[in-house]
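# A look at the structure
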Amino acid sequence: MTISRRDVLGPALVVAVFVILGGCASLLLVTPSLRAPSEASYDATRLVLYYSTLPRLATAILAGAALALAGALFQQVLRNPLADPTTLGVSAGANLALVVATLFIPGLLGANRDLVALTGSAAAAAIVLGLGARRGFSPYSLVMSGLVLSLWCGGLAAILTYLNQRYLASLFIWGSGSLSQQSWVIPTSLLWKITLVAVVCSLIMRPLSLLDLGDNSSASLGVKVGRLRVIAIACAVALSAFVTSAVGVISFIGLVAPTLARLSGARRPGQLIFWSSLIGASLLFCADAVLQLVAGGLGDFLPTGAVTAIFGSPLLLALLPRLRIRHRIQQSAVWNRPRQSRASIGLVYATVGLLLVIGLSMFVGRSVDGRLAILSGEMAPDILAIRAPKVFAALASGAMLAVAGSILQRLTGNEMSSPEVLGISAGSTFGVAVGLFAVAPGLFGQFAFAVSGAIAVLAVIFFSSRRSGFSPERVLLAGIALSAMVDAVVGVLSSTGDPRAALLMRWMSGSTYLVDGSTALTEIGVGAVLVALAFAARHWLDILPLGPSPASAVGLSLTKTRLSLFGLAGLMTGAATLTVGPLSFVGLMGPHLAREAGLTRALPQMIGSAAIGGALMVLADFLGRTIAAPYQIPAGLVSAMIGAPFLMFMMRKRA
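Please read these numbers as outputs of a predicted model, since none were measured by experiment. (Residues numbered from 1 in each chain as written. Predicted model: local features only at pLDDT ≥ 70, side-chain atom pairs only at ≥ 80, totals over all residues. Heavy atoms only, no water.)

Turning to the overall build of the protein chain, a few remarks are in order. Tallying secondary structure elements over the protein chain gives 26 helices and two strands in all. Put simply, the protein chain has 655 residues, and 56% of those count as buried. Working note: accessible area of the protein chain is about 26900 Å², and carbon and sulfur atoms make up 68% of it. (Helix = DSSP H or I, 4+ residues; strand = E, 2+ residues; numbered from the N terminus. Buried < 20%, exposed > 50% of the residue type's maximum accessible area, 1.4 Å probe, protein only. Areas by Shrake-Rupley, 256 points an atom, 1.4 Å probe, with all protein chains shown as cover.)

Have a look at this one:
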């Protein structure tokens, strides 16, 4: 096999461009440090240069190379162009393990920090790959599983941070990927660890190249495919764990670097892995140098990982048209007409359950001595006046998210669709963030910005998936990419130290703590109007799942109908996100539980979904208020802790 000139020149040119750009930015950073006006100032700036600036640049090079190598290994072994430590949830698993150890077993960090990160990464990889193996490691199943696990790990880490803010105040920035250094300890430690794993990778390079022939052909040539996959995945997990342990989560380098290497001419596995490592090193070096130059004094506080995610997510969107969908979700017969008696019983159960949960949340709470007690006494009216707005705001928000989930699932024909998974909730939060940092609007202004963000995300998903005929897998992957990008932007805004970031974090976690009577009435009024509009569209939602041809045959305008329903789902999501945050998963659980209760026609399903979704959010609010009293865990985070495992169970069940 000969190596063409393009195989070398293309990737080398990409590396050269990033090195030149990063070198120029680094030179502009370093030059002022060497031109200090006095000797004392000169010595101080030299110390900053030698023990902060240069170690940071070295860390960026090493971390970029390690993450790119991990991404290339994942993509080669799984034959999945979307696989990397971020999309597979490996980095999030390591981050959660480090947070838990920091709080509860700090001695482990002193003994072996890397072992803690490796344990978290390995557990995440085992879960995601276990789910993906049931579907032949298809791009959709792996990325979907990784997304859900990342959200769950992030939500649990957020709860721990929320309850221990004084101990983990700086962990938010670090968890988003901070390359700030004060010595050569971290880059030196990373160097020998990465070198050791790279040596192992070089030993398996030849058999790894044979995997392109297929498992059977590789096995016939003497390759032990199972053992090879285990070794390669272990190397990739170790690399991502080492980086996460040292500098936090750096997003999408493992996805961007192999893609650039492939597009620039690298074809064979050996070339791809080699050039991916160089491109990843030069890319993160360039990104961090430019970030420091542009941010100036804020460079140490802006998370590099979040900044890279802002640029990596559009690449995931660009990959979607080229993505070959090898597997499709098996849809159950959810549109069949159930027996009327079963549907009626399901509605009765949902209504009774909702009333019981409302009564529990309203009249049960922690007493002064910490025990659960029924509300009574002369203070009962005052406590009810405080508690009722929170309960009914959670009820309205949960109902809107569940109805929005029903609409989206019928539009996409996919049971996995929901406002949270499609990134619509994250778009709402992004709209609120823009409003807060740009114009500081009131409640109705926040609602307008939230709805605008949700509809903007829906529009991007709509147009990016239009050519594929709104393939469910492409719709969901587009939502994943947009959600990651929005979360990164919000992370950058939150890391600036602006006091408004605290309010934004409250919205993201989904806390009803500051909900008062007027806010609750507004939420209930908006929810009642939007849910009524959804009920009025029941005939559209009954017809659309039959397919485009039958819908057109009965005179339904597909474009206008879809746009109207997508817009309605965006309105409900935007309104609900203001109270329960972007990660509740009620929009997924409500419709699914309604179907399990026999409610498959559009109107009964939406009614049941509204009741179940409202009950779930009220219950989550009650649990968040009582589990760790006097502390209050946000309702959105509590429901996310339940919803993410629920989604992973659904994926396993439908495999």
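Our focus in this paragraph is the nonpolar core. Residues Leu73, Phe74, Leu78, Ile407 and Met572 are the most contacted members of the largest nonpolar core, which totals 149 residues. Residues Ala97, Leu98, Val116 and Ala241 belong to the second largest nonpolar core, which totals eight residues. (Core = buried A, V, L, I, M, F, W, Y, C linked by side-chain atoms within 4.5 Å.)

Axis separation between helix α15 (residues 380-412) and helix α24 (residues 586-596) bottoms out at 7 Å; the angle between their running directions is 70°. One way to sum up the angle between α15 and α24 is to call them roughly perpendicular. Listed contacts from α24 to Gly398, Leu401, Ala402, Gly405, Ser406 and Gln409 of α15 are Val586, Gly587, Leu588, Gly590, Pro591 and Arg595. Class assignment for the residues of the contact of α15 with α24 results in five nonpolar, six polar and one charged. (Axes fitted to C-alpha atoms, helices over the stretch in contact; angles between N-to-C directions. Parallel < 35°, antiparallel > 145°, perpendicular 65-115°, else oblique. Contact = heavy atoms within 4.5 Å. Nonpolar A, V, L, I, M, F, W, Y, C, P; charged D, E, K, R; others polar.)

Right, let's get into the environment of valine 457. Its location among the elements puts valine 457 in helix α17 (residues 443-464). Separated by 29 residues in sequence, valine 457 and valine 486 have C-alpha atoms that sit 9.4 Å apart. In this structure, valine 457 is in contact with Leu422, Gly423, Ile424, Gly427 and Leu482, ignoring residues within four places of it in sequence.

Relative to the assigned elements, serine 277 resides in helix α12 (residues 269-295). Serine 277 gets classed as buried once you look at its relative accessible area, which sits at 15%. At a separation of 3.0 Å, a polar atom in the side chain of serine 277 contacts the main-chain carbonyl oxygen of isoleucine 273. Once residues within four sequence positions are removed from consideration, serine 277 is found in contact with Ala65, Ala68 and Leu69. (Polar contact = N/O pair within 3.5 Å; in protein donor to acceptor, adjacent residues only side chain to side chain.)

Turning our attention to a nonpolar patch on the surface. A grouping of Ile345, Val348, Tyr349, Val352 and Leu356 is seen on the molecular surface, where their side chains present a nonpolar patch of about 520 Å² in accessible area. The topology assignment puts valine 352 in helix α14 (residues 340-363). (Patch = residues over 30% accessible without salt bridge, like charges linked within 9 Å, V, L, I, M, F, W, Y side chains within 5 Å. Salt bridge = Lys/Arg side-chain N within 4 Å of Asp/Glu carboxyl O.)

For the structure shown, the criterion picks out one aromatic pair. Summarising the aromatic geometry, the rings of phenylalanine 274 and tryptophan 275 are spaced 5.2 Å apart at their centres and angled 75° between planes, so their arrangement reads as edge-to-face. Owing to a relative accessible area of 12%, tryptophan 275 belongs among the buried residues under this scheme. (Phe/Tyr/Trp six-rings, centres within 6.5 Å; stacked < 30°, edge-to-face > 60°.)

Overall, the coordinates contain zero disulfides when judged by the stated rule. The thiol of cysteine 286 is not disulfide-bonded; the next cysteine sulfur, from cysteine 24, is found 9.3 Å away. (Disulfide = S-S within 2.5 Å.)

Contact pair α15 / helix α25 (residues 602-626): the axes reach a minimum separation of 7 Å and the direction vectors enclose 140°. By the angle class used here, α15 and α25 are oblique. Like other packed secondary-structure pairs, α15 and α25 cross with a definite hand, here right-handed. Residues Arg387, Lys390, Val391, Ala394, Leu395, Gly398, Ala399, Ala402, Val403, Ser406 and Arg410 of α15 form the contact with α25, whose participating residues are Ala602, Gln605, Met606, Ser609, Ala610, Gly613, Gly614, Met617, Val618, Asp621 and Arg625. Grouping the constituent residues of the contact of α15 with α25 by class yields 11 nonpolar, six polar and five charged. (Left-handed = near helix turned anticlockwise from the far one by under 90°.)

Before going further, it helps to spend a moment on the environment of alanine 72. Mapped onto the secondary structure, alanine 72 falls in helix α2 (residues 39-78). On the basis of relative accessible area, alanine 72 is assigned to the buried category, the value being 1%. On a C-alpha basis, the gap between alanine 72 and alanine 261 in space is 9.7 Å, while along the polypeptide they are 189 residues apart. Aside from chain neighbours lying at most four places away, what touches alanine 72 is Gly254, Pro258, Ile273 and Ser276.

Here α24 lies mainly inside the structure; nine of its 11 residues are buried. Every buried residue of α24 is listed here: Val586, Gly587, Leu588, Met589, Gly590, Pro591, His592, Ala594 and Arg595. Following α24 by one or two positions, glycine 598 has its phi on the positive side, about 95°.

Assignment of secondary structure puts serine 361 in helix α14. Setting aside its immediate chain neighbours within four residues, serine 361 contacts Arg387, Val391, Val618, Phe622 and Arg625.

Turning our eyes to something else, we now look at helix α16 (residues 424-438). The terminal C-alpha atoms of α16 lie 21 Å apart, and with 15 residues this matches the ideal 21 Å at 1.5 Å per residue to within 8%. For α16, a buried count of 11 out of 15 residues is recorded, marking the element as mostly surrounded by other parts of the structure. All buried positions along α16 are accounted for by Ile424, Ser425, Ala426, Gly427, Ser428, Thr429, Gly431, Val432, Ala433, Gly435 and Leu436. (Expected span 1.5 Å × (residues − 1).)

For the rest of this paragraph, the subject is the confidence of the model for the protein chain. Model confidence for the protein chain is summarised by a mean pLDDT of 78, while 79% of its residues fall at 70 or above. Across residues 325-338, confidence stays below pLDDT 50; counting only partners more than four residues off in sequence or on other chains, it has 37 contacts. (pLDDT = per-residue confidence, 0-100.)

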